[in-house]
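Understanding the architecture of this molecule
Residues per chain, in single letters:
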Amino acid sequence: MPRIMRSMAAISRCANQYRTKELSALGLKGNQSIYLLQICRHPGLTQDQLARNLTMDKSAVARQLTCLEELGYVRRETTANDKRVLLVYPTQKAQDALPEIHRVLRAWEDLITADLSPESREALIGALETMHSRALRWAEED
């Protein structure tokens, strides 16, 4: 596996484990935090929009939303125009969890960039954002 992908994959797996550990008091798994961030940022988005925003498979999104709904973090409503379209809203429990989710995400970023100078950290963030944009453009074209 090429070096960039190997490193990114390992960081992603470790980040997920870290979030799971740190968010366990809230009953959340690490990957569920990204869903809650999007849903709280965009209340009332559709499941399909959420899947596109997260570049995730629609069935994976539906499964995670079922879990989050059972945990009391989200609610889903059908639209008046099309009963097949589900809108996703955060509950107060999700809103209350946001500060802790943000704290955990900041702590992880600080942990993995602790040995970088401020200049190196900014250069890394810029490079990753460029790579992210290119990846999204590819996904949208595909």
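Look up: the structure comes first, before these words.
Residues numbered from 1 in each chain as written. Predicted model: local features only at pLDDT ≥ 70, side-chain atom pairs only at ≥ 80, totals over all residues. Heavy atoms only, no water.

Describing the pattern of salt bridges
Enumeration over the complete set of coordinates arrives at 8 salt bridges. For the salt bridge of Glu77 with Arg75, the shortest nitrogen-to-oxygen distance reads 2.0 Å. One salt bridge in this structure joins Arg103 and Glu100, with 2.8 Å as the shortest N-O distance. Of this pair, Arg103 and Glu100 both sit in helix α5 (residues 92–112), 3 residues apart, which is roughly one turn of the helix. Residues joined by salt bridges that share partners form a network here, namely Glu22, Glu100 and Arg103. (Salt bridge = Lys/Arg side-chain N within 4 Å of Asp/Glu carboxyl O. Helix = DSSP H or I, 4+ residues; strand = E, 2+ residues; numbered from the N terminus.)

Here's the deal with the packing of aromatic side chains
Scanning all chains against the criterion turns up 1 aromatic pair. An angle of 40 degrees between the planes, with centres 5.0 Å apart, marks the rings of Tyr18 and Trp108 as tilted. Of the two residues, Tyr18 is situated in helix α1 (residues 3–22) and Trp108 in helix α5; the sequence distance between them amounts to 90 residues. With a relative accessible area of 19%, Tyr18 lands in the buried category. Taking the ring centre of Tyr73 as reference, the NZ or CZ of Lys93 above it sits at 4.7 Å. (Phe/Tyr/Trp six-rings, centres within 6.5 Å; stacked < 30°, edge-to-face > 60°. Buried < 20%, exposed > 50% of the residue type's maximum accessible area, 1.4 Å probe, protein only. Lys NZ or Arg CZ within 6 Å of the ring centre and 35° of its normal.)

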